[in-house]
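Residues per chain, in single letters:
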Amino acid sequence: MKLLSMAMATVALTFSASTMAGGTTEVAQGHDMDSIVKKLTMSCYRNREGDRLFVGVAETVRFCQNAAKQVVSAAYAQKGLELASAQQQQLSERIN
């Protein structure tokens, strides 16, 4: 479970850094987000063999997809917070 959490966090941070580095368009960001959600979902699914046997394939996929969406949206929100913080810092530097 820790390995999965670490993998998702690493992907989320990588995604956040890549979107901050390159000024991609909204469509490209949406496509990138969907791609990352799919990759995280499949990674989670492969690591949950026991859940597939006991809970079922559909429920496992649904759980993994929801978890992946939360990780990606949190990374995207973090990027927004970092940009807002940087803008606030620039404004305070202008005032001083």
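For the structure, check the block above.
Structure report, in brief. (Residues numbered from 1 in each chain as written. Predicted model: local features only at pLDDT ≥ 70, side-chain atom pairs only at ≥ 80, totals over all residues. Heavy atoms only, no water.)

### A short note on the pattern of salt bridges
Convention followed: Note on definitions: salt bridges are taken to be side-chain nitrogens of Lys or Arg within 4 Å of carboxyl oxygens of Asp or Glu. Numbering of helices and strands starts at the N terminus; helices are DSSP runs of H or I of at least 4 residues and strands are runs of E of at least 2. Any residue under 20% of the maximum accessible area for its type is buried, any over 50% is exposed, and the rest in between are partly exposed; the area is computed with a 1.4 Å probe on protein chains only.
Under the counting rule described, the total for this entry stands at 2 salt bridges. In this structure, the salt-bridge partner of Arg-48 is Asp-51, at a minimum N-O distance of 2.7 Å. Here Glu-59 makes a salt bridge to Arg-62, at a shortest N to O gap of 2.6 Å. A residue pair is termed a helical-turn pair when its members lie 3 or 4 positions apart in one helix, as Glu-59 and Arg-62 do in helix H4 (residues 57-95) at 3 residues. For Glu-59, a relative accessible area of 40% puts it in the partly exposed group.

### As for the nonpolar core
So the rule is basically this: Joining through side-chain atoms within 4.5 Å is the link that ties buried Ala, Val, Leu, Ile, Met, Phe, Trp, Tyr and Cys residues into a set, and such a set is a nonpolar core.
Formed by Ile-36, Val-37, Leu-40, Ala-68, Val-71 and Val-72, the largest nonpolar core amounts to 6 residues. Looking at this core, the elements with two or more residues in it are helix H2 (26-46) and H4.

### Considering the packing of aromatic side chains
Convention followed: In this scheme Phe, Tyr and Trp rings, the latter by its six-membered ring, pair at centre separations within 6.5 Å, and the angle between planes marks the pair as stacked below 30 degrees, edge-to-face above 60, and tilted otherwise. The criterion is that NZ of a Lys, or CZ of an Arg, lies within 6 Å of the ring centre and within 35 degrees of the ring normal, and then a charge sits over that ring.
Summed over all chains, the structure comprises 0 aromatic pairs. Directly above the aromatic system of Tyr-45 lies the positively charged group of Arg-52, at a separation of 4.5 Å from the ring centroid.

### A short note on the state of the cysteines
The cut-off we apply is this: When two cysteine sulfur atoms are found within 2.5 Å, that pair is recorded as a disulfide.
Counted according to the given criterion, the structure contains 1 disulfide. Between the sulfur atoms of Cys-44 and its disulfide mate Cys-64 the distance is 2.2 Å. Judged by the sign of its S-S torsion, about -65 degrees, the bond between Cys-44 and Cys-64 is left-handed. Taken as a pair, Cys-44 in helix H2 and Cys-64 in helix H4 lie far apart in primary sequence, 20 residues in all. The buried category is assigned to Cys-44, whose relative accessible area is 0%. According to the relative accessible area criterion, Cys-64 is buried, its value standing at 0%.

### Let's talk about the side chain of Arg-48
By the element assignment, Arg-48 lies in the loop between H2 and helix H3 (49-54). Note on Arg-48: relative accessible area 14%, which makes it buried.

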